[in-house]
Amino acid sequence: MSTNKTPISHAADETPKTPESAETRRPKGGSHARKRKLRLDRIAVIVVPLLLIIVLIGTLCLHSCKENGGLNNSAKVPMATPETSADAKSEEESSQKEDAKSTKPEDSEPDAVQTTTEASTAESTKITLSADGVKKGNLILINQDHGYTFPDGDPDLVGVHQNSNDSYSVSDMDVQLDQETLEHLNDMMAAFEEETGNRNLQVFSGYRTKEDQQERYDNGSSGFRGGYTDYHSGRTFNIKINFGDGTSDYYNATKYPEYSWISEHAAEYGFIVRFPKEKDSYTGEEGRSYTFRYVGTPHAQYMQEHNLCLEEYLELVQEHTAEDPLEIKTADGTYDVFYVSVGGTNDVSVTIPSSDYSASGDNMSGYVVTCQMTKTDDGESSSDSSKSDSSEAASDSDSEESSSSDTDE
């Protein structure tokens, strides 16, 4: 007999399938994602603080650099260049001068020979010396070896009689001298009268033309040919003493000591004895004390102090340059004197150490440049600084005076 077989239902045996929940659903590869997330979290924990630290350090450094930069700018000193160092030096010198002036006592009375840096005139200046000017100036040398060419404009002649003061007389109305020379002669004669009360000195025989001098040479009254006497300079003249009784004699400080003031103080006014005693080997003329020559104050005082004639002095000056000048100290201040050679017909440019200067040709080969470096405050003269023994400055015997009058009166 057959048995009815019940069909086996696999469905009844199967566990019913329920929807997967979010918690139970695990996507494929889920364990790797968890690991990456964990690493990123750890990196963030480390990197973020580091970034904050770096930002903080950068901020602090920037702030510090700004502060240091400000300090550096406030204490910055410019580098020394030729321009800045020169400007700084100029400003420093100006400041020093102003300080010196402001601190100087108003009631102080400086010595007559004192030199003062407060009144310094030193300021470099470039000048041009013309070739034709070598034959002109207060220091030109005219003697038997150096003839005179009579350049235009020098000397600047004026009549002595017409322009003299009442402190002395003039031999005639034809006597002429260079204007600057006459101005200093008037000052000296006025001071002489004020000091001694005497006004009986007389000036004679000033400027001479070439023709006049040649005539004197031809008739034997002078040993210098036309063109070779110092009288051509217009800065040389003779002095004699009128005694008021119709007699007179050539100026001689040794023979007439009451008139020695002239020999003692002539240099203060720029005058020298042109033919000093015992200098005939240089001048070519026998020494006599009554012929005077204007050369300028610092030069006259130096020559008197060192017993030099004009020829010797010019020879000395020619040894000095602007870099190694001859320094002369007077009651008026300090001077630097030096020589500038001028060759041929070309002008010469030269830088000198002061804007207060004078330049004179020497009638040979160049210029004597005189720079006043300092000035005294009052300019008063000190007789002690410029005096010399009258017997040294103008000492001649009676026989010397007599023979001189026959040679170049």
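Preceding this section is the structure that the text describes.
Residue positions within a chain follow its written sequence, with the count starting from 1. At least 70 in pLDDT is required for a residue's local features to be given in this predicted model, at least 80 for side-chain atom pairs to be given and counted, and no such filter applies to totals for whole chains, interfaces and linings, which use all residues. Hydrogens are left out, water is left out, and the side-chain values use all remaining heavy atoms of the structure.

Examining the pattern of salt bridges
Each reported salt bridge corresponds to a side-chain nitrogen of Lys or Arg within 4 Å of a carboxyl oxygen of Asp or Glu. According to the stated counting rule, one finds eleven salt bridges in the structure shown. Note that K279 and E312 form a salt bridge whose closest N and O atoms lie 2.9 Å from each other. Of this pair, K279 sits in the loop between β8 (271–275) and α8 (280–283) while E312 is found in helix α10 (residues 310–317), placing the two residues 33 residues apart along the sequence. One connected set of salt bridges, linked through shared partners, spans D230, R274, R293 and E311. Secondary structure elements follow DSSP: runs of H or I of four or more residues count as helices, runs of E of two or more count as strands, with numbering from the N terminus.

A short note on a nonpolar patch on the surface
Think of a patch as exposed residues, more than 30% relative accessible area, with no salt bridge, where like charges cluster within 9 Å and nonpolar side chains (Val, Leu, Ile, Met, Phe, Trp, Tyr) cluster within 5 Å. Surface accessibility follows the Shrake-Rupley procedure with a 1.4 Å probe radius. Residue values consider only the protein chains on display as shielding. A cluster of nonpolar residues, I46, V47, L50, L51, I53, I54 and I57, forms a patch on the protein surface that exposes about 650 Å² of accessible area. If you trace the backbone, I54 turns up in helix α2 (residues 30–74).

Thoughts on α10
Three- or four-residue spacings in an α-helix give side chains the same orientation, since the helix completes a turn every 3.6 residues. Any residue under 20% of the maximum accessible area for its type is buried, any over 50% is exposed, and the rest in between are partly exposed; the area is computed with a 1.4 Å probe on protein chains only. For α10, the tally of buried residues reaches six of eight residues, placing the bulk of the element in the interior. For α10, the full list of buried residues reads L310, E311, E312, Y313, L314 and V317.

Details of the sheet that holds strand β11 (residues 333–341)
What links the strands of a sheet is backbone hydrogen bonding, and the strands pair in either a parallel or an antiparallel sense. Pairing in this open sheet of four strands is antiparallel, and the strands run β10-β11-β14-β13 from one edge to the other. With partners counted over all chains shown, the strands left at the sheet margins are β10 (326–330) and β13 (357–361), one partner each. Within the sheet, the average angular offset between the axes of one strand and its neighbour, ignoring direction, is 25 degrees. Alignment of β13 against strand β14 (residues 366–375), held across five bridges, turns out to be antiparallel. Its bridge partner being in β14, S358 is matched across the sheet by T370. Between any two strands, pairing holds if DSSP finds at least two bridges. Every axis corresponds to a line fitted to the C-alpha atoms, with the helix fit spanning only the stretch in contact, and the corresponding angles, defined between N-to-C directions, vary from 0 to 180 degrees.

Description of the pairing of β8
The element β8 is extensively covered by neighbouring structure, given that five of its five residues are classed as buried. By the bridge criterion, four bridges tie β8 to strand β9 (residues 288–294) in an arrangement that is antiparallel. Looking across to β9, one finds that I272 is bridged to R293.

So, the packing of helix α9 (residues 297–305) against α10
Running from N to C, α9 and α10 point in directions that differ by 105 degrees, and their axes come no closer than 10 Å. When the axes of α9 and α10 are compared, the pair comes out roughly perpendicular. Across the interface between the two elements, H299, Y302 and M303 of α9 pack against L310, Y313 and L316 of α10. Residue type decides the class: Asp, Glu, Lys and Arg count as charged, Ala, Val, Leu, Ile, Met, Phe, Trp, Tyr, Cys and Pro as nonpolar, and the leftover types, Gly among them, as polar. Considering only residue class, the contact of α9 with α10 consists of five nonpolar, one polar and no charged. By definition in this entry, angles of less than 35 degrees are roughly parallel, angles greater than 145 are roughly antiparallel, angles of 65 to 115 are roughly perpendicular, and the rest are oblique. Any pair of residues with heavy atoms lying within 4.5 Å of one another is described as a contacting pair.

Overview of unusual backbone geometry
A cis amide bond links D154 to the next residue, P155, at an omega of 0 degrees. In this fold, P155 is placed in the loop between β1 (122–129) and β2 (157–159). Positive phi, normally seen in glycine, also occurs at S205, with a value near 60 degrees.

Regarding the packing of aromatic side chains
Only the six-membered ring of Trp is used, alongside the rings of Phe and Tyr, when aromatic pairs are assigned; centres must lie within 6.5 Å, and planes under 30 degrees apart are stacked while those over 60 apart are edge-to-face, with the rest tilted. Inspection of every chain in the model, using the stated rule, returns 13 aromatic pairs. Measuring from centroid to centroid gives 6.1 Å for F192 and W261, while their planes differ by 50 degrees, and the two rings are tilted. Placement of F192 in helix α5 (residues 179–196) and of W261 in helix α7 (residues 261–265) is noted, with a sequence separation of 69 residues between them. When its relative accessible area of 11% is taken as the criterion, W261 is described as buried. For the ring pair F237 and F292, a centre distance of 6.3 Å and an interplane angle of 20 degrees mean the geometry is stacked. Residue F237 is found in strand β6 (residues 236–242), and its partner F292 is found in strand β9; the two are separated by 55 residues along the sequence. Among the residues examined, F292 registers a relative accessible area of 0% and is labelled buried. Ring pairs connect the aromatic residues F237, Y251, F271, F292 and Y294, which therefore count as one cluster. Whether a charge lies above a ring is judged from NZ of Lys or CZ of Arg, which has to be within 6 Å of the ring centre and within 35 degrees of the ring normal. Over the aromatic face of F204 sits the side chain of K240, whose NZ or CZ is 5.6 Å from the ring centroid.

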